[in-house]
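One-letter residues, chain by chain:
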Amino acid sequence: MRSSYRQEDVIFLLKDITGLVKPQPTAERERLIQAGRHYCEMLPLEYVPSPAYMEAYEEALTHFAVPVAAAVERLTDRVMERRGREVVLVSLARAGTPVGILLKHCIQRKYAVRVPHYSISIIRGRGVDHNAMEYLLERYQGERLLFVDGWIGKGAILRELKKEMENYEGVSPELAVVSDPANLTALCGTHEDLLIPSSCLNSTVSGLVSRTFLRSDLIGEKDFHGAAYYGELAGQDLSYAFIEAIELEFGKGTIQEEKPVIGQGTEEVERLAKAFGIRDINLIKPGIGEATRVLLRRVPHKLLIRQDCQGDASLAHLIRLAREKQVPVETYPLRHYKACGLIKDLADT
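Everything numeric here is computed off the predicted structure, so don't read it as measured data.

Thresholds applied
Residues numbered from 1 in each chain as written. Predicted model: local features only at pLDDT ≥ 70, side-chain atom pairs only at ≥ 80, totals over all residues. Heavy atoms only, no water. Helix = DSSP H or I, 4+ residues; strand = E, 2+ residues; numbered from the N terminus. Rg over C-alpha atoms; globule rule 2.2 N^0.38 Å. Buried < 20%, exposed > 50% of the residue type's maximum accessible area, 1.4 Å probe, protein only. Contact = heavy atoms within 4.5 Å. Areas by Shrake-Rupley, 256 points an atom, 1.4 Å probe, with all protein chains shown as cover. Lys, Arg positive; Asp, Glu negative; His and termini not counted. Charge placed at Lys NZ, Arg CZ, Asp CG, Glu CD. Disulfide = S-S within 2.5 Å. Pairing = 2+ DSSP bridges. Axes fitted to C-alpha atoms, helices over the stretch in contact; angles between N-to-C directions. Parallel < 35°, antiparallel > 145°, perpendicular 65-115°, else oblique. Nonpolar A, V, L, I, M, F, W, Y, C, P; charged D, E, K, R; others polar. Core = buried A, V, L, I, M, F, W, Y, C linked by side-chain atoms within 4.5 Å.

*Asks:* How should I be thinking about the overall build of the chain in this particular structure?
*Replies:* Of the regular secondary structure elements, the chain holds nine helices and 14 strands. The C-alpha atoms of the chain give a radius of gyration of 19 Å, which matches the 20 Å a tight globule of 349 residues would have. By principal-axis analysis of the C-alpha atoms, the chain measures approximately 50 × 50 × 40 Å. Within the chain, the proportion of its 349 residues that are buried is 59%. At a minimum sequence separation of 6, the contacts of the chain that also span at least 24 residues come to 80%. Roughly 14,900 Å² of accessible area belongs to the chain as shown, and the carbon and sulfur atoms make up 48% of that amount. Counting 45 positive and 48 negative side-chain charges, the chain places the centres of these two groups 2 Å from one another.

Below is the structure:
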């Protein structure tokens, strides 16, 4: 699989389907998804950020590079304590990939060891890429594999991992993330709903790689899951600019010891479903990263902001996107998250 990342930083175990799938507009994809078509069978048209939105991204990078770097460093220490120098990083494409690269670089910087890093696909409702897993297990002991993602929203991918890893003896479903506001993993940099600036953009901060794709007419039984390479966006590629901006801040910040987190984000999602009469919890996307994805890739119904976060700099890009797309913004007494995106239920329109 092509990408704008260097091969020594990450090896993508994906099939290149560039040019074989026509990207579809957001509204068309949303109709099909809610009618029962799986999101992995389509590719979205990439959102082209406005100058105002790119300004918000740059501001986010300026404001949050230090806390993100500190969270990556804390995560690095926890990974090395639990897994040691033989760890093999397996990031979940695509949001996990830049975090996997940061983790790999930080391990090398702090512990003087070069660990392997691969990126594979896992799809909610369809599972992990079994051919990619076979590839890894032919080369490494299962105990060495560690899955990496950017953040945990309500834990759907973690649940998918736990279910899938029952098929692989010795492989832990543990997930290493920078931010876990849902309080579902101990292997995180922070339980705060932290803005990871890479969540603000799509392929242009993820090696110019699309989200992953799985459809039987293009992905054979022995193929890896697919992805497309957006080479036409090379002039806008910020993938390494993001990595370098975070790495410049290594060693400059600290994360305060956090108070014990009470409860889990999954309980909060269930409360939100009742409060807003939402029949399908997949239409609820809690956390800064997930809310950003709603505004970039789905048809939003509204954006919820925690009451004490109305002037929070980490939400500036969300507010700007909501204004651009004329999405209502409401304050709400969220507990685990600073923001939550609600997807429009097209059955109600």
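Structure shown, so let's carry the discussion forward.
*Asks:* What's the story with the state of the cysteines in this structure? I'm lost.
*Replies:* In protein chemistry, a disulfide is the covalent bond that joins the sulfur atoms of two cysteines. Applying the stated rule across the entire model yields zero disulfides. Not part of a disulfide, Cys106 finds its nearest cysteine sulfur in Cys188, a span of 15 Å. The closest cysteine sulfur to the non-disulfide-bonded Cys340 is located on Cys309, 13 Å from its own sulfur. A relative accessible area of 0% means that Cys340 is categorised as buried.

*Asks:* Just to check I follow, could you spell out the sheet that holds strand 14 (residues 339-343) for this structure?
*Replies:* In a beta sheet, neighbouring strands are held together by backbone hydrogen bonds and run either parallel or antiparallel to one another. Taken in spatial order, the four strands of this open sheet run 11-14-12-13, and their pairing is mixed. The two strands at the open ends of the sheet, each matched to only one other strand, are strand 11 (284-286) and strand 13 (329-332). Here the strands of the sheet are splayed against their neighbours by 25° on average, with no regard to which way each runs. In this structure, strand 12 (residues 300-306) lies alongside strand 13, joined through four bridges in parallel fashion. By the bridge assignment, Ile305 is partnered in strand 13 with Thr331. Of the strands in this sheet, strand 11, strand 12 and strand 14 touch helix 8 (residues 288-297), which is tilted by about 35° from strand 14.

*Asks:* Explain the packing of helix 2 (residues 51-83) against helix 9 (residues 316-324) to me, please; I cannot follow it from the model alone.
*Replies:* Taken N-terminus to C-terminus, the directions of helix 2 and helix 9 make an angle of 170°; their axes are 9 Å apart at the nearest point. Judged by the inter-axis angle, helix 2 sits roughly antiparallel to helix 9. Counted together, Ala52, Tyr53, Glu55, Ala56 and Glu59 of helix 2 and His317, Arg320, Leu321 and Glu324 of helix 9 form the full contact between these two elements. Across the contact of helix 2 with helix 9, the residue classes break down as four nonpolar, one polar and four charged.

*Asks:* Before we go on, may I ask you to explain the nonpolar core in this structure?
*Replies:* Generally speaking, nonpolar side chains in soluble globular proteins are found buried as a group. Tyr57, Val79, Leu89, Phe242, Ile246, Leu303 and Leu318 are the most contacted members of the largest nonpolar core, which has 64 residues in total. Counting only elements with at least two residues in this core, the list comes to helix 2, helix 3 (96-111), strand 7 (145-151), strand 8 (175-179), helix 6 (239-247), helix 8, strand 12 and helix 9. Here the element with the most residues in this core is helix 2; it accounts for 13 residues. Residue contacts for Ile246: discarding those within four places in its chain leaves Leu61, Ala65, Val68, Ala69 and Leu102.

*Asks:* Quick question: what am I supposed to make of the sheet that holds strand 1 (residues 11-12) here?
*Replies:* One open sheet holds the six strands; their spatial order is 1-4-3-7-8-9, and the pairing between them is parallel. The sheet is open, and its two borders are formed by strand 1 and strand 9 (188-190), each paired with just one other strand. Note that strand 8 and strand 9 share two bridges and pair parallel. Residue pairing across strands places Ser179 opposite Thr190, the latter belonging to strand 9.

Honestly, that's just the spatial picture; any functional story needs more than this.
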